[in-house]
Amino acid sequence: MQSLHDTHVKLLAFDILSLIPSSSHPNTVIRKGTHILSRAETLDIVTFWEHKSDRFLKFTIDDGTGCIPCVIWLNQLTSPYFSRRCPPDVRRIAEVAKSFATVVQIGVLVRVRGKVGVYRGNVQLTVVDVVFERDPNAEIVHEGGRSESISTKVGFDEGGGGGF
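### Focus on the pairing of strand 8 (residues 122-132)
No. 1: Looking at chain direction, strand 6 (residues 67-73) and strand 8 are connected through two bridges and run parallel. Following the sheet pairing, Cys-70 is matched in strand 8 by Leu-125.
No. 2: Once strand 7 (residues 109-119) ends, the chain turns through two residues before running back antiparallel as strand 8, passing Arg-120 with a positive phi of about 50°.

### Quick look at the packing of aromatic side chains
No. 1: This structure, assessed with the given rule, holds two aromatic pairs.
No. 2: Between Phe-56 and Trp-73, the ring centres sit 5.9 Å apart and the planes meet at 70°, which makes this aromatic pair edge-to-face. Of the two residues, Phe-56 is situated in strand 5 (residues 56-62) and Trp-73 in strand 6; the sequence distance between them amounts to 17 residues.
No. 3: On the basis of relative accessibility, which here comes to 40%, the residue Trp-73 falls in the partly exposed class.
No. 4: With a centroid separation of 5.0 Å and an interplanar angle of 85°, the aromatic rings of Tyr-81 and Phe-82 are classed as edge-to-face.
No. 5: By relative accessible area, Phe-82 is classed as buried at 14%.

### Points about the nonpolar core
No. 1: If you look at the biggest cluster of nonpolar residues, it comprises 28 residues, and the most contacted ones within it are Phe-59, Ile-61, Cys-70, Ile-72, Val-112, Val-116 and Val-130.
No. 2: Those elements that place two or more of their residues in this core are helix 1 (13-17), strand 4 (35-52), strand 5, strand 6, helix 2 (87-103), strand 7 and strand 8.
No. 3: Ranked by residue count, the leading element in this core is strand 8, at four residues.
No. 4: Once residues within four sequence positions are removed from consideration, Val-116 is found in contact with Leu-19, Val-29, Leu-37, Ser-38, Arg-39, Ala-40, Val-123, Gln-124 and Leu-125.

### Considerations on unusual backbone geometry
No. 1: Despite not being glycine, Asp-54 shows a phi value in the positive range, around 60°.
No. 2: As for its position among the elements, Asp-54 is in the loop between strand 4 and strand 5.
No. 3: The phi dihedral of Arg-120 falls on the positive side, at around 50°, and the residue is not glycine.
No. 4: Along the polypeptide, Arg-120 turns up in the loop between strand 7 and strand 8.

What counts and what doesn't
Residues numbered from 1 in each chain as written. Predicted model: local features only at pLDDT ≥ 70, side-chain atom pairs only at ≥ 80, totals over all residues. Heavy atoms only, no water. Pairing = 2+ DSSP bridges. Helix = DSSP H or I, 4+ residues; strand = E, 2+ residues; numbered from the N terminus. Phe/Tyr/Trp six-rings, centres within 6.5 Å; stacked < 30°, edge-to-face > 60°. Buried < 20%, exposed > 50% of the residue type's maximum accessible area, 1.4 Å probe, protein only. Core = buried A, V, L, I, M, F, W, Y, C linked by side-chain atoms within 4.5 Å. Contact = heavy atoms within 4.5 Å.

Okay, structure coming up:
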């Protein structure tokens, strides 16, 4: 099995939602039975968000093939998980997370990178990076980098020939 454990793999929402938890590799998921991965990148439009101040920002992004649930944790200053880390580092992590949360607004095109996980039986991304995408053509370019997924879904042949 090929491992892409620490690589942010560009995927469509359909592909992310079809990932299954790995029974042999903790904190990873398996794509189509052949690739082990833990991180993904996607470029989608924000369609929903719920903000719990100083706890988390939960939002959904949609690329037309499905909706991906995402979460940005905002509780770094109060979480026991960060208590053993250097306080200035924790403050910086908290500041970055809050700045990411300001980018997420309904209708905005965002590039999201994060850790793929399962929460209550559903795949979700725990966001490590989110960027507002200013270029409206970025979605087309991004999807071009995911040609395997697109060609499989649309049914293009490998030759790439068109009927024009």
